Amino acid sequence: MSGGRALEGIRVLELGQVMAGPFCALQLCDMGADVIKVEPPDGDPTRQMGARAGSDSMCFAAMNRGKRGIVLDLKSAAGRDTLVRLAAQADIFVENFRPGVMLGLGLDYPRLAALNERLIYASISGYGQTGPDRTKGGFDLVAQGASGLMSVTGEPGGPPVKVGVPLTDLGAGLFALAAILAALHHRHRSGRGQYIDTSLFEAGLALSAWEAAEFFAGGAAPQPMGSAHRFLAPYQAIRCADGYVTIGAGTDRLFADLAALLGHPEWSGMPEFASTSARVRNLAALIGRIEAVTADQPKAHWLAAFEARGIPCGPINTYPEAFADPQVQSRAMVVELDHPTLGRIQSLGSPIKMSDTPPAVERRAPLLGEHTAEVLREAGFSDEEIRRVLPG
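Cut-off values and rules
- Counting of residues starts from 1 at the beginning of each chain's written sequence and follows it residue by residue.
- The model is predicted, so local features are restricted to residues of pLDDT at least 70 and side-chain atom pairs to those at 80 or more, both for listing and for counting; the totals for chains, interfaces and linings are taken over all residues.
- With hydrogens and water excluded, all non-hydrogen atoms of the structure serve as input to the side-chain values.
- By definition, any uninterrupted DSSP run of H or I lasting at least four residues is a helix, any uninterrupted run of E lasting at least two residues is a strand, and each is numbered from the N terminus.
- Two residues qualify as a contact provided that any one of their heavy atoms is within 4.5 Å of a heavy atom in the partner residue.
- Within 3.5 Å is the distance limit for a polar contact, defined as a pair of N or O atoms, with the added protein rule that one can donate a hydrogen and the other accept it, and that residues adjacent in sequence qualify only through two side-chain atoms.
- Helix axes are fitted to C-alpha atoms over the stretch in contact, other axes to C-alpha atoms as well, and angles between N-to-C directions run from 0 to 180 degrees.
- By definition in this entry, angles of less than 35 degrees are roughly parallel, angles greater than 145 are roughly antiparallel, angles of 65 to 115 are roughly perpendicular, and the rest are oblique.
- Crossings are assigned a handedness: left-handed for a near helix turned anticlockwise from the far helix by less than a right angle, right-handed for a clockwise turn.
- Three categories are distinguished: nonpolar for Ala, Val, Leu, Ile, Met, Phe, Trp, Tyr, Cys and Pro, charged for Asp, Glu, Lys and Arg, and polar for the others, with Gly belonging to the last.
- Multiplying 1.5 Å by the helix residue count minus one yields the expected span of that helix.
- For the exposure calls, accessible area comes from a 1.4 Å probe over protein chains only, and a residue counts as buried if that area is under 20% of its type's maximum, exposed if over 50%, partly exposed in between.
- For two strands to pair, DSSP has to find at least two bridges joining them.
- When two rings of Phe, Tyr or Trp (its six-membered ring) have centres within 6.5 Å they constitute a pair, described as stacked for plane angles under 30 degrees, edge-to-face for angles over 60, and tilted for the intermediate range.
- The term salt bridge refers to a pairing of a side-chain nitrogen on Lys or Arg with a carboxyl oxygen on Asp or Glu at a separation within 4 Å.
- Detection works on a 1 Å grid of protein atoms alone, calling trapped sets that fit a 1.4 Å probe cavities and calling open sets with protein on both sides within 12 Å along at least five of seven lines pockets, with lining residues defined by an atom within 4 Å of a point.
- Grid points are joined across faces, edges and corners, and a volume is the space filled by probe spheres set on the points.

Some details on the environment of Thr341
Take Thr341: it is sitting in the loop between β10 (334-339) and β11 (343-348). Residues Thr341 and Gln223, spaced 118 residues apart in sequence, show a C-alpha to C-alpha distance of 47 Å. Excluding residues within four positions of it along the chain, Thr341 makes contact with Asp56 and Leu367. At 2.9 Å, the side chain of Thr341 forms a polar contact with the side chain of Asp56.

Put into structure tokens, the structure is as follows:
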């Protein structure tokens, strides 16, 4: 029996721009929170980014669906005072400005918590609120480089390569989300909110769990390995006659099955391939032998053969191919929404499936300032007060 959505009744103020803050608040929104996105008069910069950019864009729509949008000029006293009044009634406050900005505006955690002790206030920044780099800006590319991620991404001997998606932005948003949900649980027991501080830089470090473990164990600095795995082999992209597939035969049993399938059962008994660690040490020789066989047949042949033998494998899809996959459709990972300026658009569904309180994607992203009057009226503002706050 459905119980609605898990975070219904929770009010979120989001002062996020571009990725990390908006992505964090997006997850809260999908789980039922009423997310109020606060934008400056010229809007979140993502309104001007990417495909079909303009006053509304697909980039903005992707990060802000389901939210209600208001415009406040925080450079003005009226805008700041309005936000303080809203924060006094909110459960969660999310911002991803450079450290010091919110303090300068008088919108920092101590000020707002003095008015609302139940407020959970999450700050996401480039390097965190403390430390020698705290005042540096938050940019995914920079954080990927500084955290070590770029040093292990790409092909051996090649130039530095970043992960293809903004991993530290997304990771920081997800770490903030986890902390917010934990803080909500703590507030249920204690009645008090708290301050949360996470960063892109630390997200990059935290997501490097195995690379850090290798370094801490006294090994050499981890190096890029292309699509190969640091501790398992073969576990990477393999060349076929018409392109590449992925294969995950990293255990001794799976490797023996693979070797037999490829017509070379003797490989699993050879000292250089007899164990996982031996295969990793002799990776180039191993992959050379495998691809000497797989290069003779197309991808479809090998995917069918590997699957029939129970060997983990898969295609390397483009995004059009990925979104055409029946598995994507069956899991509701693409939804359609009507937008007044963009028309009928597609959006990602939620990857979170819950039995009683499932997330839902039901409402488009807001137009700039679309809900300003509505939200302020709900918060007890008079019509005259609303007129003074509205831009223009």
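Once you've had a look at it, read on.
Concerning the packing of helix α1 (residues 20-30) against helix α7 (residues 167-190)
The relative placement of two packed helices is expressed as an angle between their axes plus a distance between the axes. As a packed pair, α1 and α7 sit with axes 8 Å apart at the nearest point and diverge in direction by 45 degrees. Looking at the two axes, α1 sits oblique to α7. The handedness of the crossing between α1 and α7 is right-handed. Only Asp169, Leu170, Gly173, Leu174, Ala176, Leu177, Ile180 and Leu181 of α7 make contact with α1, whose side of the interface consists of Ala20, Phe23, Cys24, Gln27 and Leu28. Residues that form the contact of α1 with α7 fall into these classes: ten nonpolar, two polar and one charged.

A short note on α7
Here α7 spans 34 Å end to end across 24 residues, near enough to the 34 Å set by a 1.5 Å rise per residue. Turning to α7, its buried residues number three or more, namely Thr168, Asp169, Leu170, Gly171, Ala172, Gly173, Ala176, Leu177, Ile180, Ala183, Leu184 and Arg187. Among the structural elements, α1, β4 (92-95), β5 (120-125), α6 (140-147), β6 (195-199) and α8 (200-206) are those in contact with the buried residues of α7.

Describing the environment of Ile10
In this structure, Ile10 sits in the segment before β1 (11-15). Taking the C-alpha atoms as reference, Ile10 lies 7.8 Å from Ile92; in sequence the two are 82 residues apart. In contact with Ile10, not counting residues within four places along its chain, are Ala33, Asp34, Asp91, Ile92, Leu184 and Arg187.

Let's talk about the sheet that holds β1
If you trace the six strands from one edge of the open sheet to the other, you get β3-β2-β1-β4-β5-β6, paired in parallel fashion. Each of the sheet's edge strands pairs with one partner strand only, and the pair in question is β3 (68-71) and β6. When strand polarity is set aside, the average angle formed by the axes of neighbouring strands in this sheet is 20 degrees. Sheet topology places β4 next to β5; four bridges connect them, and they run parallel. Within β5, the residue paired with Glu95 across the bridge is Ser123.

A few points about the packing of aromatic side chains
Inspection of the entire model under this criterion finds ten aromatic pairs. Note on Tyr127 and Phe201: the rings are 5.2 Å apart at their centroids and 35 degrees apart in plane angle, and the pair reads as tilted. Taken as a pair, Tyr127 in the loop between β5 and α6 and Phe201 in helix α8 lie far apart in primary sequence, 74 residues in all. Aromatic rings pair up to connect Phe93, Tyr109, Tyr121 and Tyr195 into one cluster.

Things to note about the pattern of salt bridges
Applying the stated criterion across every chain, the model contains 26 salt bridges. Taking the shortest distance from any N to any O, the salt bridge between Glu14 and Lys37 comes out at 2.6 Å. One end of the pair, Glu14, is in strand β1; the other, Lys37, is in strand β2 (residues 34-39), with 23 residues separating them in the sequence. Accessibility classification places Glu14 together with Lys37 in one group, the buried group. Arg344 is paired through a salt bridge with Glu336; the nearest N and O atoms lie 3.1 Å apart. With a relative accessible area of 43%, Glu336 lands in the partly exposed category. Among the charged side chains, a salt-bridge network with shared partners connects Arg11, Asp34, Arg68, Glu374 and Glu378.

Describing empty space enclosed by the protein
If you roll a probe as big as a water molecule over the atoms, it shows you where there is empty space left. Summed over the entire model, instances satisfying the criterion amount to one cavity of 30 Å³ or more. For the largest cavity, the calculated volume is near 30 Å³. As for the largest cavity, its lining consists of Arg11, Leu13, Ile36, Leu86, Gln89 and Ala379.

Considerations on the sheet that holds strand β8 (residues 243-248)
What holds strands together in a sheet is hydrogen bonding between their backbones, with the strands either parallel or antiparallel. Strands sit in the order β7-β8-β9 across an open sheet of three strands; the sheet is antiparallel. Single-partner strands in this sheet number two, and they are β7 (235-240) and β9 (313-315). Here the average twist between neighbouring strands, direction ignored, is 30 degrees. As paired elements, β7 and β8 share six bridges and run antiparallel to each other. Across the sheet, Arg239 pairs through a bridge with Tyr244, a residue of β8. Against the sheet, helix α12 (residues 283-294) makes contact with β7 and β8, and its axis sits at roughly 40 degrees relative to β7, the strand it touches most.

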